[in-house]
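These are the residues of each chain, in order.
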Amino acid sequence: MQTKFAKRVTTASRSFTRTILDLTAQSSIISFAGGLPDAALFPRENIEKHAKELFKTEDNRLFQYSNASGVEALKVEIAKKYVNTTSAQIMLTNGSQQGLDLVCKTFLDEKDCIIVEDPSYLAALGLFHMYNATIKAVPLSSKGVDTEVLEVLFRDYSPKFFYTIPIFQNPTGYSYTLENRHEVVRLAQKYNVILLEDSPYEALRYDGVQTTAFADLLPELTIALGTFSKTLAPDFRIGWMKAPQEIISALTLSKESTDLQNSKFFQHICAKMMQSGELQEHTKTLIAYYRPKRDAMVNALHKLFGDSIEFVVPEGGMFIWVNFKKCADSMKLFDVAIKKGVAFVPGSVFFADKRVTSYGRLNYTNSSLEQIETGVKKLYEAYQKV
């Protein structure tokens, strides 16, 4: 039978990271590839405690249909993260990835232009391609985006939105300076461009000071995405969007036609953990465990590779973006590294044009200190061979 799939499906390619995750399920491979939290740190006891409380205190209406925007108690807690924000400006999503999808569904017509960072989050790039958007990329450095190029793109293409990860960016780990943020805000106001601000890693800060988000600098033109997947548990699939109420209403309409609502059970647990301060304390535990892992990878890279590579030490998040200067194509390095028993993500998949590049992304949160040391040694052996 000839199946008549939509063009968006027949032209889509499988996420390279998912391919790697399948490959690295083998216990013999040390994986620096996925952006996974350490499963050993999931707060199982707190989750179990609040789940039991829900069964004791709630009746069967807990499992009934409800509104699409999410549990009010959790929206109230999330709203406290932002300046002058109410729960009416918050809606909950099935992970922040659904938030991205709902924004595309709500704002994009075919061939509409959007701007992304260069490089950018590969799952977002894949989604934008499925909506057949016209994607333009603005160069990114450790200080932020090139605002001169950004202004030209805003002026010439009138994009529907600029997708940005300004804090501990994926894949680079870079964070915009406050000066860079203010210039982006000025340009967004001048050209009336929505800032689609994705912040999955901002709570995982190991050094430096907290910075001001676009959601607070320019609330009237910002759609902010957040998630509990990195700080609580990915399987809860709890993300959120913060935006002006008019936009939230439109996004809610899109969500109602997608899945009606999220599961409320884990939203209630998350709300209780925020109300009690347990989630905040758990985040401190994550930072205490992840900082030494980052430092171990940084030290191992410096020790073994020396000046044959370049990278910026991230102040937080989950990734190090490495320039393997003596290997023009990191995909070739990946092929050799897998045979040595270590995986990472070649940089080409993070660029909208899939260019050949010497960069690669290394994750440190989902490996032990011993695995980091061994894995970096294996990676260096592969690098020498290439």
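Residues numbered from 1 in each chain as written. Predicted model: local features only at pLDDT ≥ 70, side-chain atom pairs only at ≥ 80, totals over all residues. Heavy atoms only, no water.

- As recorded by an unreviewed UniProt entry, the protein carries the name Aspartate aminotransferase family protein and is attributed to Sulfurospirillum halorespirans DSM 13726.
- The Cofactor (unreviewed entry) comment attached to the protein in UniProt states, word for word, "pyridoxal 5'-phosphate". (UniProt positions renumbered as here; feature names shortened; annotations may be inferred.)

### Re the environment of Tyr191
- Note that Tyr191 resides in helix H8 (residues 178-191).
- On a C-alpha basis, the gap between Tyr191 and Gln267 in space is 37 Å, while along the polypeptide they are 76 residues apart.
- If we skip the residues at most four places from it in the chain, Tyr191 touches Glu151, Phe154 and Arg155.
- Polar side-chain contacts of Tyr191 include one of 3.5 Å to the side chain of Lys190. (Helix = DSSP H or I, 4+ residues; strand = E, 2+ residues; numbered from the N terminus. Contact = heavy atoms within 4.5 Å. Polar contact = N/O pair within 3.5 Å; in protein donor to acceptor, adjacent residues only side chain to side chain.)

### Brief notes about the domain arrangement of the protein
- In terms of domains, the protein is made up of domain 1 (7-43 + 280-385) and domain 2 (61-276).
- The C-alpha centroid of domain 2 is placed 24 Å from the C-alpha centroid of domain 1.
- Between domain 1 and domain 2, a total of about 2,900 Å² is buried, with carbon and sulfur atoms accounting for 63% of that surface.
- It is Glu315, Trp321 and Phe350 in domain 1 that bury the most area against domain 2; as a group they hold 20% of the surface buried on that side.
- Linking domain 1 with domain 2 are three salt bridges.
- For Arg294, the salt bridge goes to Asp207, with nearest N and O atoms at 2.6 Å.
- Put simply, domain 1 and domain 2 have twelve residue pairs in polar contact (both at pLDDT 80 or more) between them.
- At the level of secondary structure, the elements contributing two or more residues to the side of domain 1 that touches domain 2 comprise helix H1 (7-10), helix H12 (278-305) and strand E11 (319-324).
- Per-element tally for the side of domain 1 that touches domain 2: the top contributor is H12, with eight residues.
- The residue makeup of the side of domain 1 that touches domain 2, split by class, is 18 nonpolar, nine polar and six charged. (Domains from an automatic or database assignment. Buried area = accessible area lost by both parts, 1.4 Å probe. Salt bridge = Lys/Arg side-chain N within 4 Å of Asp/Glu carboxyl O. Nonpolar A, V, L, I, M, F, W, Y, C, P; charged D, E, K, R; others polar.)

### Comments concerning the pattern of salt bridges
- This model, assessed by the stated rule, comprises 20 salt bridges.
- A salt bridge links Lys160 to Asp112; the shortest N-O distance between them is 2.6 Å. With Lys160 in the loop between helix H7 (147-157) and strand E6 (161-164) and Asp112 in the loop between helix H5 (95-107) and strand E3 (113-118), this residue pair connects regions lying 48 residues apart in the sequence.
- A relative accessible area of 29% means that Lys160 is categorised as partly exposed.
- Accessibility expressed as a relative area gives 17% for Asp112, which makes it buried. (Buried < 20%, exposed > 50% of the residue type's maximum accessible area, 1.4 Å probe, protein only.)

### Concerning the packing of helix H4 (residues 72-79) against helix H11 (residues 265-276)
- Between H4 and H11, whose axes approach to 8 Å, the crossing angle comes to 45°. By the criterion of interaxial angle, the relationship of H4 to H11 is oblique. In this structure, H4 crosses over H11, and the sense of that crossing is left-handed. Here H4 contributes Ala73, Leu74, Glu77 and Ile78 to the contact with H11, which in turn contributes Gln267, Cys270, Ala271, Met274 and Gln275.
- The class makeup of the residues in the contact of H4 with H11 is six nonpolar, two polar and one charged. (Axes fitted to C-alpha atoms, helices over the stretch in contact; angles between N-to-C directions. Parallel < 35°, antiparallel > 145°, perpendicular 65-115°, else oblique. Left-handed = near helix turned anticlockwise from the far one by under 90°.)

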